[in-house]
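A look at the structure
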Amino acid sequence: MKIKQTLMVMMVAAMLSPASIALAQSGPIDKAYEDGKAAEISSVKLRLATQSATVAVQELNEAEGSLRRLKEAKASDLRRKIAAELEMAITRLKIAAGGQ
């Protein structure tokens with residue numbers, strides 16, 4: 001069952017990667033964007049707190065790490081790259097938490 005879930009997450013992430021990259025590149029990667037992504041992560045974290053299993057800890061750590069790197073980055077091209085990674089990490093986190 002764990003392998004099936006992992007494969008499903010990988011498949012969905014692969015299908016969403018062009019869309020998430022386009023989303024990350026379509027608008028400004030500014031403080032409002034960072035705050036919105038932090039709110040998304042907090043929302044999923046709250047949902048995870050109500051579950052007994054710790055299935056999404058790795059995904060949560062990855063999303064929070066990407067958000068931290070985004071806040072620290074200064075160059076706009078680097079910020080866009082990290083924003084795309086953040087979009088993917090949040091998507092995987094939502095899937096692991098049991099829904100979009």
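Residues numbered from 1 in each chain as written. Predicted model: local features only at pLDDT ≥ 70, side-chain atom pairs only at ≥ 80, totals over all residues. Heavy atoms only, no water.

**So, the overall build of the protein chain**
Each helix and strand in the protein chain was counted, giving 4 helices and 0 strands. For the protein chain, the succession of helices and strands along the chain, N to C, is α-α-α-α. Residue burial in the protein chain is summarised as follows: out of 100 residues, 37% are buried. In the protein chain, the proportion of contacts linking residues at least 24 apart, taken out of those at least 6 apart, comes to 74%. Working note: accessible area of the protein chain is about 6,200 Å², and carbon and sulfur atoms make up 63% of it. (Helix = DSSP H or I, 4+ residues; strand = E, 2+ residues; numbered from the N terminus. Buried < 20%, exposed > 50% of the residue type's maximum accessible area, 1.4 Å probe, protein only. Contact = heavy atoms within 4.5 Å. Areas by Shrake-Rupley, 256 points an atom, 1.4 Å probe, with all protein chains shown as cover.)

**Description of the packing of helix 2 (residues 31-49) against helix 4 (residues 76-96)**
Two elements in contact, helix 2 and helix 4, have axes whose closest approach is 11 Å; the angle formed by their N-to-C orientations is 20°. Looking at the two axes, helix 2 sits roughly parallel to helix 4. Viewed along their axes, helix 2 and helix 4 form a crossing whose handedness is left-handed. Listed contacts from helix 4 to Tyr33, Glu34, Lys37, Glu40, Ile41, Val44, Arg47 and Leu48 of helix 2 are Arg79, Ala83, Leu86, Glu87, Ile90, Leu93 and Lys94. Grouping the amino acids of the contact of helix 2 with helix 4 by side-chain chemistry returns 8 nonpolar, no polar and 7 charged. (Axes fitted to C-alpha atoms, helices over the stretch in contact; angles between N-to-C directions. Parallel < 35°, antiparallel > 145°, perpendicular 65-115°, else oblique. Left-handed = near helix turned anticlockwise from the far one by under 90°. Nonpolar A, V, L, I, M, F, W, Y, C, P; charged D, E, K, R; others polar.)

**A closer look at the packing of helix 3 (residues 57-72) against helix 4**
For the pair helix 3 and helix 4, the least separation of the axes is 8 Å and the interaxial angle reads 160°. As the angle between them shows, helix 3 and helix 4 are arranged roughly antiparallel. Classified by chirality, the crossing of helix 4 by helix 3 is left-handed. In contact with Glu59, Leu60, Glu62, Ala63, Ser66, Leu67, Arg69, Leu70 and Lys71 of helix 3, helix 4 contributes Arg79, Ile82, Ala83, Glu85, Leu86, Ala89, Ile90, Arg92, Leu93 and Ala96.

**Notes on helix 4**
For an α-helix, the turn length of 3.6 residues means that residues three or four places apart are oriented alike. Compared with the 30 Å implied by 1.5 Å per residue over 21 residues, the 30 Å span of helix 4 between its first and last C-alpha is a close match. Once helix 4 ends, the next one or two residues include Gly98, with phi positive near 105°. (Expected span 1.5 Å × (residues − 1).)

**Some points on helix 3**
Compared with the 22 Å implied by 1.5 Å per residue over 16 residues, the 23 Å span of helix 3 between its first and last C-alpha is a close match. Along helix 3, the residues classified as buried are Glu59, Leu60, Ala63, Gly65, Ser66, Leu67 and Leu70. The secondary structure elements touched by the buried residues of helix 3 are helix 2 and helix 4.

**Some remarks on the nonpolar core**
Core analysis: the largest hydrophobic core is formed by 19 residues, its most contacted members being Tyr33, Ile41, Leu48, Ala63, Leu70, Leu86 and Leu93. Counting only elements with at least two residues in this core, the list comes to helix 2, helix 3 and helix 4. For this core, the leading source of residues is helix 4, giving 7 residues. Setting aside residues up to four positions removed in sequence, Leu70 forms contacts with Ile29, Tyr33, Glu34, Arg79, Ile82, Ala83 and Leu86. (Core = buried A, V, L, I, M, F, W, Y, C linked by side-chain atoms within 4.5 Å.)

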